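Examination of the molecular architecture
Residue strings, one per chain:
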Amino acid sequence: MKVLCACEFSGVTRRAFRALGHESWSCDLLPSEDASEWHMQKDVREILNDGWELMVAFPPCTHLAVSGARWFPAKRASGEQQAALEFVRLLLDAPIPRIALENPISIISSKIRKPDFITQSWEHGHGEVKATCFWLKNLPRLTPSNIVEGREQRIWKLPPSADRWKERSRTLPGIAKAMADQWTRL
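Heads up: these notes are all about the structure in this document. Just so it is clear, the structure is predicted and the values come from calculations on it, not from any experiment. (Residues numbered from 1 in each chain as written. Predicted model: local features only at pLDDT ≥ 70, side-chain atom pairs only at ≥ 80, totals over all residues. Heavy atoms only, no water.)

**Topic: the environment of Trp135**
With respect to the helices and strands, the residue Trp135 is situated in strand S7 (residues 132-137). Since its relative accessible area comes to 0%, Trp135 is described here as buried. For the pair formed by Trp135 and Pro73, sequence separation is 62 residues and the distance between their alpha carbons is 25 Å. At a separation of 3.3 Å, a polar atom in the side chain of Trp135 contacts the main-chain carbonyl oxygen of Lys114. (Helix = DSSP H or I, 4+ residues; strand = E, 2+ residues; numbered from the N terminus. Buried < 20%, exposed > 50% of the residue type's maximum accessible area, 1.4 Å probe, protein only. Polar contact = N/O pair within 3.5 Å; in protein donor to acceptor, adjacent residues only side chain to side chain.)

Encoded structure:
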């Protein structure tokens with residue numbers, strides 16, 4: 001299966017699909033953290049029409065996540081929030097047969113549509129809380145793959161740093177593995 005991991009710099013999801021033998025590519029404006037040859041550093045809009053069979057998209061949540069609601073008035077005034085929503089719509093409407101768009105709790109729910117499901121990290125092998133929303137096209141909801149004990153708020157408690165946004169946005173390997181395992185059996 002030809003899989004696009006859109007807006008992914010970490011390579012976590014790309015590697016999960018590649019581990020199952022799929023032609024999986026990541027694409028982001030940032031370079032890949034693992035310096036992979038299977039990463040394209042460019043605007044994903046340039047490659048949406050390249051014959052992908054599945055896209056898992058991780059659009060930046062900076063202007064969308066409700067965790068940053070106190071900055072919404074400024075983001076609306078600057079047009080950043082509207083541009084972010086238009087990008088989400090573009091990804092959801094891409095000419096790709098199967099699409100999953102991932103984001104935290106965000107205004108996508110009120111401005112575009114409610115997510116198809118919300119999963120937690122602890123349902124996929126990570127003993128922490130991190131609500132992850134998915135908007136789907138021709139894909140089933142993920143089912144829990146490895147329920148574990150622990151409900152640590154690790155992501156929420158991260159101290160301020162220059163890379164905090166990267167750590168908060170990184171897909172955890174258990175969720176990436178669940179996506180690869182469950183969405184390539186169709």
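**Quick word on empty space enclosed by the protein**
Summed over the entire model, instances satisfying the criterion amount to 1 cavity of 30 Å³ or more. Approximately 50 Å³ is the volume found for the largest cavity. Glu102, Ser121, Lys130, Thr132, Phe134, Arg170, Thr171, Leu172 and Ile175 together form the lining of the largest cavity. Grouping the amino acids of the lining of the largest cavity by side-chain chemistry returns 3 nonpolar, 3 polar and 3 charged. (1 Å grid on protein atoms, 1.4 Å probe; cavity = no way out; pocket = protein on both sides within 12 Å on 5 of 7 lines; lining within 4 Å. Points joined across faces, edges and corners; volume = space filled by probe spheres on them. Nonpolar A, V, L, I, M, F, W, Y, C, P; charged D, E, K, R; others polar.)

**A closer look at the sheet that holds strand S2 (residues 23-28)**
Across the sheet, 7 strands lie side by side as S3-S2-S1-S4-S5-S7-S6; this open sheet has mixed pairing. Strands with a single pairing partner mark the edges of an open sheet, and in this sheet they are strand S3 (39-41) and strand S6 (117-119). Sheet twist, expressed as the mean angle between neighbouring strand axes with direction ignored, is 20°. Pairing between strand S4 (residues 54-57) and strand S5 (residues 98-103): 4 bridges, direction parallel. For Val56, the partnering residue across the bridge sits in S5 and is Ala100. Packed on one face of the sheet, helix H6 (residues 173-183) meets S4, S5, S6 and S7 and runs near 20° to S7. (Pairing = 2+ DSSP bridges. Axes fitted to C-alpha atoms, helices over the stretch in contact; angles between N-to-C directions. Contact = heavy atoms within 4.5 Å.)

**A closer look at the side chain of Gln182**
Within the secondary structure layout, Gln182 lies in helix H6. A relative accessible area of 16% places Gln182 in the buried class.

**Observations concerning the packing of aromatic side chains**
Following the criterion strictly, the structure yields 3 aromatic pairs and no others. For the pair Phe117 and Phe134, a centre-to-centre distance of 5.0 Å together with 10° between the ring planes defines the contact as stacked. On the criterion of sequence distance, the pair formed by Phe117 in strand S6 and Phe134 in strand S7 is long-range, its members being 17 residues apart. Taking relative accessible area as the criterion, Phe134 reaches 0% and is therefore assigned buried. Taking the centre distance of 5.8 Å and the plane angle of 80° together, the rings of Phe134 and Trp183 count as edge-to-face. (Phe/Tyr/Trp six-rings, centres within 6.5 Å; stacked < 30°, edge-to-face > 60°.)

**Considerations on H6**
Count 3.6 residues to each turn of an α-helix, and residues three or four apart come out pointing the same way. With 8 of 11 residues buried, H6 is to be regarded as a mostly interior element. Contacts made by the buried residues of H6 are with helix H1 (12-18), S4, S5, S6 and S7.

**A few points about the environment of Ile118**
With respect to the helices and strands, the residue Ile118 is situated in strand S6. Sequence separation between Ile118 and Thr143 is 25 residues, and the spatial gap between their C-alpha atoms is 11 Å. Not counting chain neighbours up to four residues away, the residues in contact with Ile118 comprise Ile105, Ala131, Thr132 and Cys133.

**A word on the environment of Gln153**
Note that Gln153 resides in the loop between S7 and helix H5 (164-169). Separated by 73 residues in the primary sequence, Gln153 and Glu80 place their C-alpha atoms 29 Å from one another.

**Some words on the pattern of salt bridges**
This model, assessed by the stated rule, comprises 5 salt bridges. Between Arg45 and Asp43 there is a salt bridge, and its shortest N-O distance comes to 3.0 Å. Look at Asp43 and you get partly exposed, because its relative accessible area is 21%. Residues Lys177 and Asp181 are paired through a salt bridge, measuring 2.7 Å at the closest nitrogen-oxygen approach. Of this pair, Lys177 and Asp181 both sit in helix H6, 4 residues apart, which is roughly one turn of the helix. Overlapping salt bridges, with partners in common, bring together Arg14, Arg15 and Asp34 in one network. (Salt bridge = Lys/Arg side-chain N within 4 Å of Asp/Glu carboxyl O.)

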